[in-house]
Amino acid sequence: MATITYREAINQALAEEMERDEDVFLMGEEVGLYNGAYKVSKGLLDRFGELRVVDTPITELGFTGVGVGAAMVGLRPVIEFMTHNFAMLAWDQVFNSAAKLHYMSDGQFKCPIVFRGPSGAALQLSAQHSQALESTYSHFPGLKVCTPATPADAKGLLKAAIRDDDPVVFMEGELLYAMKGEVPDEEDFIVPLGVADVKREGSDVSIITHGKMVHVCLQAAQKMEKDGISAEVVDLRSLRPLDVEAILKSVHKTNRVVYVEEGWAYVGIGAQIVDIIQDEAFDYLDAPVGRVTQADVPMPYAKQLEKLAKPSAERVIEACEKVLYR
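The rules behind each value
- One numbering rule holds for all chains: residues counted from 1, following each sequence as written.
- Whole-chain, interface and lining totals are the exception, using all residues; otherwise, since this is a predicted model, local features are given only for residues with pLDDT of at least 70 and side-chain atom pairs are given and counted only at 80 or more.
- With hydrogens and water set aside, each side-chain value is computed from the structure's full complement of heavy atoms.
- Each helix is a run of H or I in the DSSP string that is no shorter than four residues. Each strand is a run of E no shorter than two, and both are numbered from the N terminus.
- Exposure classes here rest on a 1.4 Å probe applied to the protein chains alone. A residue is buried below 20% of its type maximum, exposed above 50%, and partly exposed in between.
- Here a Phe, Tyr or Trp ring, Trp counted by its six-membered ring, pairs with any other such ring whose centre lies within 6.5 Å, and the pair is stacked when the planes are under 30 degrees apart, edge-to-face when over 60, and tilted otherwise.
- A ring has a charge above it when a Lys NZ or an Arg CZ is no more than 6 Å from the ring centre and no more than 35 degrees off the ring normal.

Caption draft 1: Just unusual backbone geometry, in detail. Going from R240 to P241, the amide bond is cis rather than trans, its omega being -5°. Backbone geometry places K39, a non-glycine residue, at a positive phi of 60°. With respect to the secondary-structure elements, K39 resides in the loop between β2 (24-28) and α2 (44-48). For K39, a relative accessible area of 33% translates into the label partly exposed. At S126, a position not held by glycine, the phi torsion is positive, near 70°.

Caption draft 2: Broad picture of the packing of aromatic side chains. The tally for this structure, following the rule as stated, stands at eight aromatic pairs. When the centroid spacing of 5.1 Å and the interplanar angle of 45° are considered together, the rings of W91 and F95 count as tilted. Of the two residues, W91 and F95 are both situated in helix α5 (residues 91-98); the distance of four residues between them amounts to about one turn of the helix. An identical accessibility class is assigned to W91 and F95; each is buried. The residue whose ring lies beneath K39 is Y34, and the NZ or CZ to ring-centre distance is 3.5 Å.

All quantities given are derived from atomic positions and should not be read as evidence of function.
What follows is the structure, encoded as structure tokens:
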């Protein structure tokens, strides 16, 4: 095991896959000379050259389209968005081209492309730069969606995403880039897409979540333990494909569930999770499924209002106590 940061884990995954497969290349704004907006691509330009680490103009629709075209002819592009908020300018290429290409060509074309970058709120970036867009991406058939919460998952999932023959949306947490964690030293460490991970075992209530919220939920579980509540924290890691078996296994074990996500409640990921649970595990529930989400407003800029809008450990605890009838 080696202790590295989340950004170093992503950097390692990129470097190892570019070394392994000459068809893999990185493209996006400031990924080369500037070493990436968040220094995720540090050193890659010097190592692989400007044909494989490509700085682009500020035109998300344009360079995303170039990436989709490259994937159609057999290359494996990794498209970095400075934030998935900016990726909204390229959604036509993501949703109408990449996601539908294999189906509409009757399997004649594959689209092995990764769209990666930070999603969700950081610190006082205001409404247009703080959106957690996981539910939007997950809505479209043809895309796979990953939301790693730890350095190990970030590295393993990104390597798997780059090797996948389908388009994968890789959503990172900006506030996680400096977080350290243990990453296996295995030469070919991979985390398969669509496999959840129980980050903390528990018996009283299942907290199901993904991305940055994993750490909020672990904090809540630790606090509840002092009050005699044993909370299990299930990290989905992938939203498409979804590990339904892991969700149901935890529900069968605890009989109470709280789902936590950074995005808005309305038509959110949690709505899908609740539907799966009520359809396939209704008889195991001892209480309605609870949900903790961002407030149903554009993200405020004011520091205190932003804090109130985001899911917190305190709100997770409150939701858990509600389903436990405490």
